[in-house]
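# Observations on the three-dimensional arrangement
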Amino acid sequence: MATKEEKMSSNKKLFITIIDNDLMVQTLLVKILNSMNIEHFEIYIEAYEDGVHFFESNTLNEVGEHLLIVDGVMPIMDGIEILQKVKNDKSKHVYVLMLSGRKSESEIARALKLGADDYVTKPFSIKELQSRVLQIIQRME
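Please read all numbers here as calculations on a predicted model, not as lab measurements.

### As for the pattern of salt bridges
In the structure shown here, the tally under the stated rule is eight salt bridges. Residue Asp-71 pairs with Lys-122 through a salt bridge whose shortest N-O separation is 3.3 Å. One end of the pair, Asp-71, is in strand β3 (residues 65-71); the other, Lys-122, is in the loop between β5 (118-121) and α6 (126-140), with 51 residues separating them in the sequence. Exposure class is identical for Asp-71 and Lys-122. Each is buried.

### As for the packing of aromatic side chains
Here the structure, examined in full by the defined rule, presents three aromatic pairs. Ring geometry for Phe-15 against Tyr-44: centres 5.0 Å apart, planes inclined by 20°, an arrangement best described as stacked. In this pair, Phe-15 is assigned in strand β1 (residues 12-19) and Tyr-44 in strand β2 (residues 41-48), connecting sequence segments 29 residues apart. Judged by relative accessible area, Phe-15 falls into the buried class, the value being 6%. Accessibility expressed as a relative area gives 31% for Tyr-44, which makes it partly exposed. In this structure an aromatic cluster arises from ring pairing among Tyr-48, Phe-54 and Phe-55. Geometry around Phe-55 places Lys-85 over its ring, the cationic atom sitting 4.4 Å from the centre.

### Quick word on empty space enclosed by the protein
Evaluation of the coordinates by the stated rule reveals one cavity of 30 Å³ or more. Empty space within the largest cavity amounts to approximately 30 Å³. Lining the largest cavity we find Gly-72, Ile-80, Met-98, Ser-100, Arg-102, Glu-107, Ala-111 and Tyr-119. Residue classes in the lining of the largest cavity are distributed as four nonpolar, two polar and two charged.

### Some words on the sheet that holds β2
The strand order β2-β1-β3-β4-β5 describes an open sheet built from five strands, whose pairing is parallel. On the outer flanks of this sheet lie β2 and β5, each paired with one strand and no other. Between one strand and the next, the sheet's axes are offset by a mean angle of 15°, whatever the strand orientation. In terms of strand pairing, β1 meets β2 through eight bridges, oriented parallel.

### Comments concerning the environment of Ile-126
Tracing the backbone shows Ile-126 in helix α6. Setting aside residues up to four positions removed in sequence, Ile-126 forms contacts with Leu-28 and Ile-32.

### A short note on unusual backbone geometry
A cis amide bond, omega -10°, links Lys-122 with the succeeding residue Pro-123. Phi is positive for Asn-58, which is not a glycine, with a value near 60°. Residue position: Asn-58 is located in the loop between α3 (51-57) and β3. With a phi angle near 55°, Met-77 is a residue other than glycine that sits in the positive phi range. In this structure, Met-77 sits in the loop between β3 and α4 (79-88).

Cut-offs used in this document
Residues numbered from 1 in each chain as written. Predicted model: local features only at pLDDT ≥ 70, side-chain atom pairs only at ≥ 80, totals over all residues. Heavy atoms only, no water. Salt bridge = Lys/Arg side-chain N within 4 Å of Asp/Glu carboxyl O. Helix = DSSP H or I, 4+ residues; strand = E, 2+ residues; numbered from the N terminus. Buried < 20%, exposed > 50% of the residue type's maximum accessible area, 1.4 Å probe, protein only. Phe/Tyr/Trp six-rings, centres within 6.5 Å; stacked < 30°, edge-to-face > 60°. Lys NZ or Arg CZ within 6 Å of the ring centre and 35° of its normal. 1 Å grid on protein atoms, 1.4 Å probe; cavity = no way out; pocket = protein on both sides within 12 Å on 5 of 7 lines; lining within 4 Å. Points joined across faces, edges and corners; volume = space filled by probe spheres on them. Nonpolar A, V, L, I, M, F, W, Y, C, P; charged D, E, K, R; others polar. Pairing = 2+ DSSP bridges. Axes fitted to C-alpha atoms, helices over the stretch in contact; angles between N-to-C directions. Contact = heavy atoms within 4.5 Å.

Okay, structure coming up:
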């Protein structure tokens, strides 16, 4: 029987990055993600207040799977700009869940057309968000 350490060493790394300028949303998302039972991955969660700080961090250079939870409306580099920049970099496969106050069909369709893997509108249901995150993670396995 494998020890916890052996199981962890055989797990893939999953970097979940929250990019949202609202500190309360960041804190809530970190709490939600930490409470989830995500198997087969070592989870690393980080939060940034905007896309500029995120890209400066070079988090995407970490070896492993990447899931971004991105706010659609931010004063510095909005979610669509982040989505486009990430999806235009063909050297990396990054999963993106948009979490936005933009609720119009055209905004949602635009984000999905640009490559978002899912789209959740604010205010959001915690259970729905958890389910959608787990669906994306299952695609990684």
